[in-house]
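Residues per chain, in single letters:
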Amino acid sequence: MISVTITRSGGVAGLSRSWHLLLEHEEWRRLCSRTPMDEEPPRDRDRYTYRIRARDEVLVIPESRWDDGWRGLLERARPGEPGEEAVDDPPEDPTAAPLP
Amino acid sequence: MRCSIVPPYLLARIVAAAEERAMPAAARAARRALAETPMVHAARRREILPFAAEDFGSPRSPRRTISDAESTETVPGVPVRREGETASGDPAVDEAYEGLGATFALFDEAYDRSSIDGRGLPLDATVHYGEEYDNAFWNGERMVFGDGDGEVFRRFTISLSVIGHELTHGVTQHTANLAYSGQSGALNESLSDVFGVLVEQHRRGQNADEASWLVGEGLFTEAVHGRALRSMAAPGTAYDDPLLGQDPQPAHMDQYVQTDEDDGGVHINSGIPNRAFALAAVAVGGRAWEGVGAVWYAALTSGELVPDSDFASFAGATVRAASRRWGSAAVEREAVVDAWRTVGIEPGRA
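Quick summary incoming for the structure in this document.

**Some points on the interface of chain A and chain B**
Argument step 1. With 27 residues of chain A in contact, the opposing surface of chain B contributes 38 residues.
Argument step 2. Buried surface at the junction of chain A and chain B, both sides included, amounts to about 2700 Å², of which 49% is carbon and sulfur.
Argument step 3. At the boundary of chain A with chain B, the tally comes to 4 salt bridges.
Argument step 4. Between R71(A) and E73(B) there is a salt bridge whose closest N-O contact spans 2.8 Å.
Argument step 5. Put simply, chain A and chain B have 16 residue pairs in polar contact (both at pLDDT 80 or more) between them.
Argument step 6. Going through the elements one at a time, β1 (2–10) and β3 (48–54) of chain A are the ones with two or more residues in the side of chain A that touches chain B.
Argument step 7. In terms of residue count, β3(A) provides more of the side of chain A that touches chain B than any other element does, 4 residues in total.
Argument step 8. Among the residues forming the side of chain A that touches chain B, the class breakdown is 9 nonpolar, 8 polar and 10 charged.

Structure follows, in structure tokens:
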């Protein structure tokens, strides 16, 4: 199993939220293979951005590409879902990394 | 298609009554059920069509079309109110319609700009996007508003400054087109906050010293310990809540936040130029949209900015715009320079 963290940031409110879940290695590799390739920068403003981290790998997915497959992953990571380790973290404190 | 035991006319009455009695959860549920009624869909589509090219008249008045996504994440949705039509009775639809009009009025009356592109572009918005969707956004062509979850956020059309914020993203896209990352992205966000609050001040006829300088006031439910999404006058103080945490906006360049989230902290570091604007506007006094607001608009449209302009570059453009407006020795120009220096930014030279 591999520990995965999903962080949603952005939105007009600029609030970040994180969720965790455990995945089989094979499923994680499958998710990595369907990550959208780099495209023209979206013209969307104030939409969410999802970052999915596992070990030293990070997938960055704009909300406009957040399809049913990714939604399913997030549903599994939400608190209260059976069979998953689900923790609803408080927002990160971005002031923890100020410029020197 | 889900079947409903409640007939459409009764669902419509539930929507109206629940909204009147401030029962948004009930209204949402009834609205969803109503939206899934095929007969209602067909009737609404026959009655209201989007604007066609021949409908366009004078470019100095807005052409608004508000559509209803009916709790789906598909845009544009079903058109439900367009220019000149009477209020629909749906608060989200009517707030969006009025908010687009108020934003059009600010840019037209204060800056002689006709709509987003300066050429009378029709203003399109979609409401009731998604299910309990906690956001509003600009998709490059239209404004899109969620209903909120009812626990943290109310519907996003409830805040005029948020409507002005979203539409200003369109103005920036058609002018300096600031890249949405790092400092240029934070400037992009700040400009939306600046003109968002100016839409409110213009509508209310407020002077700078009477204004709240809050972005998104009224958006949080009573359960949240917070006044708004952001405070331009005092970044970092808008909310402090057990669930949301503390407002992370810095008020000075010394606290600039380096982060990979939020496109490099565009909604966080916007606090720095936001505060510079509020400081300058209060120092100059009077109606902010006429003085410092006009200077910020002149900087945005000056042609001096590039997509990756940083804070210092934009500050320099505002100082030059202030010189053109008031003269190089004017106290108002000095107020602009002082405001930038107070937040730790030395205005750049051309």
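The structure having been displayed, the exposition proceeds.
**Some points on the sheet that holds strand β5 (residues 143–146) of chain B**
Strands in a sheet are paired, the pairing made by backbone hydrogen bonds, and the direction either parallel or antiparallel.
All names here are of chain B.
Argument step 1. Taken together, the 5 strands give an open sheet; going across it, the order is β2-β1-β3-β5-β4, and neighbouring strands pair in mixed fashion. What marks the edges here is a single partner per strand, and that holds for β2 (78–82) and β4 (136–138). Direction aside, the axes of adjacent strands within the sheet are offset by 20° on average.
Argument step 2. Pairing analysis gives 3 bridges linking strand β3 (residues 123–129) to β5, with the strands arranged parallel. Considered in β5, the bridge of A125 is made with M143.
Argument step 3. In this fold helix α5 (residues 160–174) packs onto β3, β4 and β5, with an angle of close to 15° to the strand it touches most, β4.

**Structural notes on the environment of A283(B)**
All names here are of chain B.
Argument step 1. Within the secondary structure, A283 is located in helix α8 (residues 271–284).
Argument step 2. Residue class for A283 comes out exposed when judged on its relative accessible area of 55%.
Argument step 3. For A283 and D338, which are 55 residues apart along the polypeptide, the C-alpha to C-alpha distance reads 9.6 Å.

**Let's talk about the environment of D310(B)**
Residues and elements named next belong to chain B.
Argument step 1. Relative to the helices and strands, D310 resides in the loop between α9 (292–300) and α10 (311–326).
Argument step 2. Taking relative accessible area as the criterion, D310 reaches 31% and is therefore assigned partly exposed.
Argument step 3. The spatial distance from the C-alpha of D310 to the C-alpha of G185 is 8.9 Å, given a sequence separation of 125 residues.
Argument step 4. A polar contact is formed between the side chain of D310 and the side chain of S313, at a distance of 2.7 Å.

**Quick word on the pattern of salt bridges**
Pairing is possible between side chains of opposite charge, provided their charged atoms come close.
Argument step 1. One pass over the full model with this rule turns up 22 salt bridges over all chains.
Argument step 2. Measuring nitrogen to oxygen at the nearest pair gives 3.9 Å for the salt bridge that ties E85(B) to R82(B).
Argument step 3. The partly exposed category is assigned to R82(B), whose relative accessible area is 22%.
Argument step 4. Beyond isolated ion pairs, a larger network of salt bridges with shared partners links D44(A), R47(A) and E63(A).

**Here we look at the layout of surface pockets**
Leftover empty space is mapped by rolling, across the atoms, a probe with the size of a water molecule.
Argument step 1. Taken as a whole, the largest pocket holds about 1100 Å³ of empty space.
Argument step 2. Taken together, 45 residues make up the lining of the largest pocket; nearest its centre are R8(A), R78(A), E132(B), Y133(B) and D134(B).
Argument step 3. Of all the secondary structure elements, the ones that give two or more residues to the lining of the largest pocket are β1, β3, α2 (68–77) and β5 (88–89) of chain A.
Argument step 4. Taken domain by domain, the makeup of the lining of the largest pocket includes at least three residues from each of domain 2 (48–158) and domain 3 (182–342) of chain B.

**Details of the packing of aromatic side chains**
Argument step 1. All chains considered together, the criterion is met by 21 aromatic pairs over all chains.
Argument step 2. Centroid distance Y50(A) to W66(A): 3.6 Å. Interplanar angle 5°. Geometry classified as stacked. With Y50(A) in strand β3 and W66(A) in the loop between β4 (57–62) and α2, the pair connects residues that are 16 residues apart, well separated along the chain. Across the pair, exposure class does not vary: Y50(A) and W66(A) are buried alike.
Argument step 3. Seen from their ring centres, W213(B) and F277(B) are 5.9 Å apart, and the 65° between their planes marks the pair as edge-to-face. Taken as a pair, W213(B) in the loop between α6 (182–204) and β6 (214–215) and F277(B) in helix α8 lie far apart in primary sequence, 64 residues in all.
Argument step 4. It is R47(A) that lies over the ring of F137(B); its NZ or CZ is 3.9 Å from the centre.

What counts and what doesn't
- Residues numbered from 1 in each chain as written.
- Chains lettered and ligands numbered in written order.
- Predicted model: local features only at pLDDT ≥ 70, side-chain atom pairs only at ≥ 80, totals over all residues.
- Heavy atoms only, no water.
- Contact = heavy atoms within 4.5 Å.
- Buried area = accessible area lost by both parts, 1.4 Å probe.
- Salt bridge = Lys/Arg side-chain N within 4 Å of Asp/Glu carboxyl O.
- Polar contact = N/O pair within 3.5 Å; in protein donor to acceptor, adjacent residues only side chain to side chain.
- Helix = DSSP H or I, 4+ residues; strand = E, 2+ residues; numbered from the N terminus.
- Nonpolar A, V, L, I, M, F, W, Y, C, P; charged D, E, K, R; others polar.
- Pairing = 2+ DSSP bridges.
- Axes fitted to C-alpha atoms, helices over the stretch in contact; angles between N-to-C directions.
- Buried < 20%, exposed > 50% of the residue type's maximum accessible area, 1.4 Å probe, protein only.
- 1 Å grid on protein atoms, 1.4 Å probe; cavity = no way out; pocket = protein on both sides within 12 Å on 5 of 7 lines; lining within 4 Å.
- Points joined across faces, edges and corners; volume = space filled by probe spheres on them.
- Domains from an automatic or database assignment.
- Phe/Tyr/Trp six-rings, centres within 6.5 Å; stacked < 30°, edge-to-face > 60°.
- Lys NZ or Arg CZ within 6 Å of the ring centre and 35° of its normal.

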